[in-house]
Amino acid sequence: MQIINVGFYPPPYGGISIHLQRLMEYLVEKYPSQSILIDISGIKKNVPYVRNMKGVKLALFLMRQKASIVHLHVFTTKILGVAFLLRMRHKVILSLHNERFLEDMRMSGIFWEKLMRFFISRMDKVIVDSEKCRALAASFVEKGKIAVVPEFIAPRTIPPVEELEVLRLRKMHRFLLSSNAFTISFHGGEDTYGIDLLVEMMRWLVDEAQLDVGMVFLLPEIGDHDYFELISKKIEKYGLKDRFLFLTRPVPEASSLWRISDLVIRATNTDGNSLTVLEALSVGVPVLASDCTLRPEGTLLFKT
């Protein structure tokens, strides 16, 4: 049976798109002629098993396919509506990749929220990544339809770091800290990824704790340039320009950076089953993370 995944393939670079990239590598190796990824990012990819389409074109493509497993990694009202109709022919699975799905639905308005709940409740299977997410989904989906599947897929290979500015920072300072975001965003009126918090932390570590420390922050897509400029000015004001590095381009494998770090920090005020945390722990590097969600065993926590 054909397996059709629908979501994002990098770029853009984020936890879900990286997860899908690794998932497809596994599926294509095991089921080479039966695995397709539909990338809805609008950014064309020249990858044999990736097809770029969205909207009506995507709906028509799925409707014309023979009986398949259609695995959705996004949920908009339109996509869920199409998925509801597709169930007449296909087995349809929906993955909810973080615990914000209820909040995201509420932001659509009461009518659309109820419609989305109805569509999701009719999926053949709903996959979540934690027991907390299972409890949230169980408020409107039959318990027997919900499966908890940790979404971490380790990278097959971890190449050495090649970014010269990163290697320079590693060489210059006793301790190297690292963190990341796929883009600058805000949640509850606050910096989602805690970049502002990390800057204040660095000022304290250097000025008050007198530690020789550097920080690399992976930010493949800046997003909010005004906020980025504001943070950059604060870094300069604190005298951290040679210690706080924003890497504003994608890297081949983020685990390459985690592996040479002394500590990886996840300072988010909302999160799912963070790929960053799982990657860092898998290569044996300590992780300090906010307690905004359940974290894997071994993670050092701080209060959100």
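Scroll up for the structure.
Note that the structure is predicted; figures quoted are calculated from it, not measured. (Residues numbered from 1 in each chain as written. Predicted model: local features only at pLDDT ≥ 70, side-chain atom pairs only at ≥ 80, totals over all residues. Heavy atoms only, no water.)

**Here's the deal with the sheet that holds strand β8 (residues 175–180)**
Spatial ordering of the open sheet is given by β12-β11-β8-β13-β14-β15, a layout of six strands whose pairing is parallel. On the outer flanks of this sheet lie β12 (244–247) and β15 (300–302), each paired with one strand and no other. For this sheet, the mean inter-axis angle between neighbouring strands, taken without regard to orientation, is 20°. In the packing of helix α7 (residues 164–172) onto the sheet, contacts are made with β8, β11 (213–218) and β12, and the angle to β12 comes to roughly 160°. (Pairing = 2+ DSSP bridges. Helix = DSSP H or I, 4+ residues; strand = E, 2+ residues; numbered from the N terminus. Axes fitted to C-alpha atoms, helices over the stretch in contact; angles between N-to-C directions. Contact = heavy atoms within 4.5 Å.)

**Regarding helix α8 (residues 195–208)**
For α8, built from 14 residues, the straight-helix expectation of 20 Å at 1.5 Å per residue is met to within 8% by its first-to-last C-alpha distance of 19 Å. Looking only at α8, the buried set comprises Ile 195, Leu 198, Val 199, Met 202, Leu 205 and Val 206. Across the axial projection of α8, the buried residues extend over an arc of 130°, all falling on one side. For α8, the secondary structure elements touched by its buried residues are β8, β10 (190–191), β11, α9 (225–237), β12 and β13 (263–266). (Expected span 1.5 Å × (residues − 1). Buried < 20%, exposed > 50% of the residue type's maximum accessible area, 1.4 Å probe, protein only. Arc of directions from axis to C-beta.)

**A word on the packing of α8 against α9**
Closest axis-to-axis distance for the α8/α9 pair is 10 Å, and the angle between their directions is 5°. Between α8 and α9, the angle falls in the class roughly parallel. Only Tyr 227, Ile 231, Lys 234 and Ile 235 of α9 make contact with α8, whose side of the interface consists of Ile 195, Asp 196, Val 199 and Glu 200. Taken together, the residues of the contact of α8 with α9 break down into five nonpolar, no polar and three charged. (Parallel < 35°, antiparallel > 145°, perpendicular 65-115°, else oblique. Nonpolar A, V, L, I, M, F, W, Y, C, P; charged D, E, K, R; others polar.)

**Here's the deal with the nonpolar core**
Among the nonpolar cores identified, the biggest contains 36 residues, and Ile 38, Phe 75, Phe 101 and Ile 120 are the most heavily contacted of them. In terms of residue count, helix α3 (residues 77–86) provides more of this core than any other element does, five residues in total. The residues touching Phe 75, leaving out its near neighbours within four places in the chain, are Leu 80, Leu 94, Leu 96, Phe 101, Asp 104, Met 105, Met 116 and Ile 120. Counting 25 residues, the second largest nonpolar core, distinct from the first, contains Ile 195, Tyr 227, Leu 240 and Phe 246. (Core = buried A, V, L, I, M, F, W, Y, C linked by side-chain atoms within 4.5 Å.)

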